[in-house]
Amino acid sequence: MMSSVSFAQEVRENYLGTRALGMGGASIAVVNDETALLINPAGLGKLRDIYGTIFDPEVEGSSNLKKMYDTKAFTDPFDLEQVKNTTDYSRDTYYHAKAQVFPSFVVRNFGIGIHAKRVLDAQMNTAGTSLQTFYQEDVSLNLGFNLRLFDGRIKMGVVGKAISRIELNDDLDPATSSMDIKALASEGFGIGYDAGLILTAPIVWLPTITGVIRDIGDTAFTAGSGLRMVSETRPETVKQDIDVAFAVFPIHTNKSRSQFTIQWDKLKASSEATDRSRFYHAGYEFNYADILFLRAGMNQKYWTGGIELAGEHTQIQIASYGEDVGVDGTPVEDRRFVFKFAFRF
């Protein structure tokens, strides 16, 4: 059932939010809110206040979706039977849809949150004989701690994550009578750990270097099964890897400041890739009075951009980014758009 080559071309992350995607996917050195639990637990040491996120839906889709929908409509973007029909009318066109929420509570050096996401990628080949499919549905509990040393110049964080995962990564025969994900997918439960380190120099612009070890000792989904469906197979083990980044934080006026960061993801996986630029990210953010945020960056070889309007209890974020969905060494851009609304106290 499982195919190791299906959609192996896309570099996948457990979590990237709208802010990070607007900044080229570069996030581990600049994260300073509740998403530190998912991005870099050492970022919990940068929190300036208590945050409780109650409602924060985040939706994402490729620019192909409207044209594909107009050609063959669907009512549920995660229904594989409907998506099969849509991709059959738009062969060789990449389909991408994602939705996630992250209710959480964080204070400086501590946080807890529940992350739920669904993602479906699909592409019908020219002949209509193979539907490349990647589906992943997670529900995870994340608990993180951070230790600040030398007045915050050193931050060391760790997060534990308990993940219930449903996953399908296969080349499907579209002639199959059923496209029921629960009949096709693997399911399992796993416990994983990430650890982060942030080192900040106490000089102008606060130059910062950061590293995150993800899935320490590998994260396997064999700790349990049958929580949400019955399956004889388990999701693929997530291998341990390391992300590193550098950032500076210039202050312009009393109400305006910027952040610039570069990041190299998955050092081990990238060492085995033909095109290492698939793992490179760069981002910039301009912040005016913690109300208006303008973002730009480079994800792999493609431009990104974003904007945020923030109030005392609300956030509205929009971003666009390009993702390489071609085979390693033969880039193909999938342009995507992301929207997030958050209510927090």
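These numbers were taken from a predicted model, which means no experiment stands behind them.

Q: So what exactly am I meant to see when it comes to the overall build of the protein chain here?
A: A count of helical and extended segments in the protein chain gives six helices and 16 strands. Taken against the 2.2 N^0.38 rule, which gives 20 Å for 345 residues, the C-alpha radius of gyration of the protein chain at 20 Å falls within 12% of a compact globule. Dimensions of the protein chain, computed from C-alpha atoms along their principal axes, come out at roughly 60 × 40 × 40 Å. Out of the 345 residues belonging to the protein chain, those deemed buried represent 51%. For the protein chain, contacts bridging at least 24 residues in sequence account for 63% of all contacts bridging at least 6. Accessible surface computed for the protein chain: about 15200 Å², of which carbon and sulfur atoms make up 62%. Within the protein chain, the 43 negative side-chain charges are centred at a point lying 6 Å from the centre of the 35 positive side-chain charges.

Q: What is the right way to look at the packing of aromatic side chains in this model?
A: Within a pair of aromatic rings, the relevant descriptors are the distance that separates the centres and the angle that separates the planes. A full pass over the atoms with the stated rule returns four aromatic pairs. Both rings, one in Phe 74 and one in Tyr 95, keep their centres 5.9 Å apart while their planes meet at 75°; by these two values the pair is edge-to-face. Taken together, the positions of Phe 74 in the loop between helix 3 (64-71) and helix 4 (80-89) and Tyr 95 in strand 3 (residues 95-101) put the pair 21 residues apart, joining distant regions of the chain. Take Phe 74 and Tyr 95: they sit in the same class, and that class is buried. A ring pair is formed by Trp 264 and Tyr 280, whose centres lie 5.6 Å apart and whose planes are at 85°; its orientation type is edge-to-face. Taken as a pair, Trp 264 in strand 11 (residues 256-264) and Tyr 280 in strand 12 (residues 280-288) lie far apart in primary sequence, 16 residues in all. The exposure class of Trp 264 is partly exposed, given its relative accessible area of 30%.

Q: I'm lost on the side chain of Thr 35 in this one. Help?
A: Within the fold, Thr 35 resides in the loop between helix 1 (18-22) and helix 2 (36-39). Aside from chain neighbours lying at most four places away, what touches Thr 35 is Tyr 15 and Phe 102.

Q: Mind showing me how you'd approach the nonpolar core here?
A: A general tendency of soluble globular proteins is for nonpolar side chains to be buried together. Formed by 21 residues in total, the largest nonpolar core has its most connected members in Leu 80, Tyr 95, Leu 120, Tyr 135, Leu 168 and Leu 172. Put simply, the parts of the chain that give this core at least two residues each are helix 3, helix 4, strand 3, strand 5 (110-124), strand 6 (131-149), strand 7 (154-172) and helix 5 (181-184). Those residues in contact with Leu 120, other than ones at most four positions away along the chain, are Pro 77, Phe 78, Leu 80, Val 83, Tyr 95, His 96, Ala 97, Thr 133, Phe 134 and Tyr 135. Among the nonpolar cores identified, the runner-up in size contains 20 residues, and Tyr 15, Ile 39, Tyr 51 and Phe 249 belong to it.

Q: How should I be thinking about the pattern of salt bridges in this particular structure?
A: Across all of its chains, the model carries 26 salt bridges by this definition. Between Asp 290 and Arg 48 there is a salt bridge, with its nearest N and O atoms 3.5 Å apart. Of this pair, Asp 290 sits in the loop between strand 12 and strand 13 (292-299) while Arg 48 is found in the loop between helix 2 and strand 1 (51-55), placing the two residues 242 residues apart along the sequence. Take Asp 290: its relative accessible area is 32%, and that puts it in the partly exposed class. Note on Arg 48: relative accessible area 60%, which makes it exposed. In this structure, the salt-bridge partner of Lys 84 is Glu 81, at a minimum N-O distance of 3.2 Å.

Q: Is there a simple way to explain the environment of Phe 55 in this structure?
A: Along the chain, the position of Phe 55 falls in strand 1. Residues Phe 55 and Phe 341, 286 residues apart in the sequence, show an inter-C-alpha distance of 7.9 Å. Discounting chain neighbours no more than four positions away, the residues touching Phe 55 are Phe 341, Ala 342 and Phe 343.

Q: Explain the confidence of the model for the protein chain here, please?
A: Detail in the predicted coordinates should be disregarded across regions flagged by low pLDDT. The pLDDT averaged across the protein chain works out to 94; a share of 97% of its residues lies at or above 70. Under a pLDDT of 50 for its full length, residues 1-8 has, in the predicted model, 23 contacts with residues more than four places off or in other chains.

Q: Looking at this model, I keep getting lost on the pairing of strand 7. Mind explaining?
A: Remember that side chains alternate between the two faces of the sheet whenever the strand is regular. Here strand 6 runs beside strand 7; their pairing, made up of 19 bridges, is antiparallel. By the bridge assignment for strand 7, Leu 143 is matched with Gly 160. Linking strand 6 to strand 7, which pair antiparallel, is a turn of four residues; within it Phe 150 sits at a positive phi near 50°. Two strands pair when backbone bridges link them, and strand 7 and strand 8 (residues 186-200) are joined in this way by 14 bridges, in the antiparallel orientation. Its bridge partner lying in strand 8, Ala 162 is registered against Ile 191.

Q: Even after reading the chapter, I still don't get unusual backbone geometry, so can you show me in this structure?
A: The phi torsion of most residues other than glycine is negative, and most of the peptide bonds are trans. If you check the backbone angles, Leu 206 has positive phi at about 50° while not being a glycine. Positionally, Leu 206 belongs in the loop between strand 8 and strand 9 (208-214). Located in the positive-phi region is Ala 289, a residue other than glycine, with phi close to 60°. Locating Ala 289 in the fold gives a position in the loop between strand 12 and strand 13.

Reading guide: rules and limits
- Residues numbered from 1 in each chain as written.
- Predicted model: local features only at pLDDT ≥ 70, side-chain atom pairs only at ≥ 80, totals over all residues.
- Heavy atoms only, no water.
- Helix = DSSP H or I, 4+ residues; strand = E, 2+ residues; numbered from the N terminus.
- Rg over C-alpha atoms; globule rule 2.2 N^0.38 Å.
- Buried < 20%, exposed > 50% of the residue type's maximum accessible area, 1.4 Å probe, protein only.
- Contact = heavy atoms within 4.5 Å.
- Areas by Shrake-Rupley, 256 points an atom, 1.4 Å probe, with all protein chains shown as cover.
- Lys, Arg positive; Asp, Glu negative; His and termini not counted.
- Charge placed at Lys NZ, Arg CZ, Asp CG, Glu CD.
- Phe/Tyr/Trp six-rings, centres within 6.5 Å; stacked < 30°, edge-to-face > 60°.
- Core = buried A, V, L, I, M, F, W, Y, C linked by side-chain atoms within 4.5 Å.
- Salt bridge = Lys/Arg side-chain N within 4 Å of Asp/Glu carboxyl O.
- pLDDT = per-residue confidence, 0-100.
- Pairing = 2+ DSSP bridges.

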